[in-house]
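Structural overview
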Amino acid sequence: MSTGSETDTTDGVLAEQLLRLTRRLHRIQKRYMEPLGITPAQGRLLRLVSHYGGDQPPRMADLAKRLEVVPRAVTTLVDGLETADCVRRVPDPANRRVIRIELTETGRATLRRLRNARTDAAEEILAPLTAGQREVLGGLLNALADAPAERRC
């Protein structure tokens, strides 16, 4: 039977392993993304903008809320992506004071290259695992990602 302190130690080791893996994944993804001229944060914003469909591109405030950052941070990201011709600011037809962000053709092409870079990075980090181990890992990660938020006292 395990004691609480053994569980605490195991959980602490697991937490450290997850943090190390996350840092390694970020380093590898950054290396694959650098040739694209896109930062990880800009990549997240591009992916987010691409998930908005139809006639209603997101507002800057929508992006800030979904990314859980202050609006100024989104402005900086959009400025960089606009300079790279990946996104453009467009006025909302219903309220010209509202600015929406939409992907350009260059942005769509960059997003495709970004997806390929992320796949290459994932292949590199998962290379030591067999197909079966990858399947188990996927199930474990889904269980952790889909777990309910921790209850507070």
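Please refer to the structure higher up on the page.
Let us look at the structure shown here.

Calculation criteria
- Residues numbered from 1 in each chain as written.
- Predicted model: local features only at pLDDT ≥ 70, side-chain atom pairs only at ≥ 80, totals over all residues.
- Heavy atoms only, no water.
- 1 Å grid on protein atoms, 1.4 Å probe; cavity = no way out; pocket = protein on both sides within 12 Å on 5 of 7 lines; lining within 4 Å.
- Points joined across faces, edges and corners; volume = space filled by probe spheres on them.
- Helix = DSSP H or I, 4+ residues; strand = E, 2+ residues; numbered from the N terminus.
- Nonpolar A, V, L, I, M, F, W, Y, C, P; charged D, E, K, R; others polar.
- Expected span 1.5 Å × (residues − 1).
- Contact = heavy atoms within 4.5 Å.
- Buried < 20%, exposed > 50% of the residue type's maximum accessible area, 1.4 Å probe, protein only.
- Core = buried A, V, L, I, M, F, W, Y, C linked by side-chain atoms within 4.5 Å.

For the largest pocket, the calculated volume is near 700 Å³. Lining the largest pocket are 21 residues, with Leu18, Leu21, Leu126, Leu137 and Leu141 positioned closest to its centre. Looking at the lining of the largest pocket, the elements with two or more residues in it are helix H1 (4–33), helix H5 (105–126) and helix H6 (131–145). Broken down by element, the lining of the largest pocket gets its largest block of residues, 9 residues, from H1. Its residues assigned to classes, the lining of the largest pocket shows 14 nonpolar, 4 polar and 3 charged.

Now for helix H4 (residues 71–83). Here H4 spans 18 Å end to end across 13 residues, near enough to the 18 Å set by a 1.5 Å rise per residue. Those residues of H4 that are buried lie in contact with helix H2 (40–51), helix H3 (60–67), strand S1 (87–91) and strand S2 (99–103). A positive backbone phi angle near 60 degrees is found at Asp85, which sits one or two residues after H4.

Another point: unusual backbone geometry. Phi is positive for Glu68, which is not a glycine, with a value near 60 degrees. You can see Glu68 is positioned in the loop between H3 and H4. Judged by relative accessible area, Glu68 falls into the exposed class, the value being 72%. Here Asp85, not a glycine, exhibits a phi torsion of approximately 60 degrees, which is positive. Mapped onto the elements, Asp85 comes out in the loop between H4 and S1.

Here we come to the nonpolar core. Ranked by internal contacts, the top residues of the largest apolar core, which has 19 residues, are Leu45 and Leu46. Secondary-structure elements contributing two or more residues to this core are H2, H3, H4, S2 and H5. If sequence neighbours within four positions are ignored, Leu45 has contacts with Leu63, Leu67, Val74, Leu77, Val78 and Leu81.

Distances and angles like these do not, on their own, reveal function.
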